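Reading the structure
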Amino acid sequence: MTPIKLLTVACALLLVACGSSPQHQYYLLSSNQQAPAMGQNPSLGVGPITIPEYLNRSGMVYSENGNRLHVAPYERWAEPLEDGIQRVLGLNLSAALGTQNIRPHPWQRNDIPEFAVQVWLLSLDAGNNSAELVAEWRVTRTGDGASTPVAQRISRLSAPLPGPGWQAADTAAAYSDLLQRLSDEIASVIRRDMEAGASDQN
């Protein structure tokens with residue numbers, strides 16, 4: 001076979017290999033809550049959201065065999081993970097508290113929200129047919145010109161995955177469910193503080 005023919009065959013094989021390589025799949029965290037039609041109280045700031053550095057990548061990350069990590073080669077987040085968490089928390093809290101007045105961090109100094117929610121993600125993982133989220137979070141009342149702590153907690157939440165053959169889409173759905181439950185915990189703290197404040201004024 002001549003060199004030209006060899007080159008032609010090699011190029012053809014390369015094109016076939018490229019055409020058959022797996023394609024990247026992209027996933028989003030989501031909120032199933034409907035935003036309230038109206039309402040501006042309370043004003044709520046969400047963020048900053050801090051995630052571990054090992055999760056700060058586009059590929060989905062799973063732990064395996066103790067301290068070993070697996071980074072999915074083709075299943076990726078469609079946005080930075082901290083941005084997705086901030087977005088979904090904002091939507092969930094907006095619905096839970098009946099307010100459209102949600103401000104992602106950072107906000108303007110002349111537009112400080114009444115409450116601020118800060119989250120430190122400690123762990124986010126899926127395996128053994130369940131997903132787990134561990135996060136430290138803090139709610140601060142900020143709208144009176146001073147920063148007054150309302151609550152600071154660590155939440156450890158888990159959700160089942162649909163059997164041993166679960167896929168990346170199941171992971172994203174489970175993580176979204178865990179963020180909904182985390183949002184519910186945060187919203188209940190803010191709601192109680194608002195009710196206590198209203199009682200003090202009566």
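For the structure, see preceding data.
Residues numbered from 1 in each chain as written. Predicted model: local features only at pLDDT ≥ 70, side-chain atom pairs only at ≥ 80, totals over all residues. Heavy atoms only, no water.

Spatial ordering of the open sheet is given by β5-β2-β6-β7-β8, a layout of five strands whose pairing is mixed. With one partner strand each, in any of the chains shown, β5 (102–104) and β8 (148–160) form the two edges of the open sheet. Ignoring which end each strand starts from, the neighbouring axes of this sheet average 25° apart. For strand β2 (residues 44–50) and β5, the ladder comprises three bridges, and the chain directions are parallel. Counted as the bridge partner of Val46 is Pro104 from β5. Across the sheet, helix α2 (residues 81–97) is in contact with β2, β5 and β6 (115–127); its angle to β2 comes to roughly 155°. (Pairing = 2+ DSSP bridges. Helix = DSSP H or I, 4+ residues; strand = E, 2+ residues; numbered from the N terminus. Axes fitted to C-alpha atoms, helices over the stretch in contact; angles between N-to-C directions. Contact = heavy atoms within 4.5 Å.)

Below, the discussion takes up the pairing of strand β3 (residues 59–64). Across five bridges, the pairing between β3 and strand β4 (residues 68–77) is antiparallel. Opposite Val61, over in β4, you have Val71 as the bridge partner. Joining the antiparallel neighbours β3 and β4 is a turn of three residues, in which Asn65 adopts a positive phi near 55°.

Within the secondary structure layout, Thr142 lies in the loop between β7 (130–141) and β8. A distance of 2.4 Å separates the side chain of Thr142 from the backbone oxygen of Pro113, its partner in a polar contact. Residue contacts for Thr142: discarding those within four places in its chain leaves Ile112, Pro113, Glu114, Phe115, Ala116 and Ser147. (Polar contact = N/O pair within 3.5 Å; in protein donor to acceptor, adjacent residues only side chain to side chain.)

Further remarks concern unusual backbone geometry. A cis amide bond links Asn41 to the next residue, Pro42, at an omega of 0°. The residue Pro42 is located in the loop between β1 (25–27) and β2 in this model. Pro106 follows His105 through a cis peptide bond whose omega is 0°. If you trace the backbone, Pro106 turns up in the loop between β5 and β6. At Asn128, a residue that is not glycine, the phi angle is positive and equals roughly 55°. Unlike most non-glycine residues, Asn129 shows phi in positive territory, near 65°. Looking at the element boundaries, Asn129 is found in the loop between β6 and β7.

With mixed pairing, the three strands of this open sheet are ordered in space as β1-β4-β3. Every other strand in the sheet has two partners, leaving β1 and β3 as the edge strands with one partner each. Averaged over neighbouring strand pairs, the angle between their axes works out to 55° when direction is ignored.

Here we take up the environment of Gly47. One can find Gly47 in strand β2. For the pair formed by Gly47 and Pro104, sequence separation is 57 residues and the distance between their alpha carbons is 6.2 Å. Not counting residues up to four positions away in its chain, the partners in contact with Gly47 are Gln86, His105, Trp107, Val117 and Gln118.

The subject of this paragraph is the pattern of salt bridges. Applying the stated criterion to the full structure yields six salt bridges. Between Arg68 and Glu64 there is a salt bridge, and its shortest N-O distance comes to 3.4 Å. The closest approach of N and O atoms between Arg141 and Glu114, which form a salt bridge, is 3.1 Å. Here the residue Arg141 occupies a position in strand β7, and Glu114 occupies one in the loop between β5 and β6, the gap between them amounting to 27 residues. Looking at Glu114, the relative accessible area reads 23%, which means it is partly exposed. Residues joined in a network through salt bridges with shared partners are Glu114, Arg141 and Asp193. (Salt bridge = Lys/Arg side-chain N within 4 Å of Asp/Glu carboxyl O. Buried < 20%, exposed > 50% of the residue type's maximum accessible area, 1.4 Å probe, protein only.)

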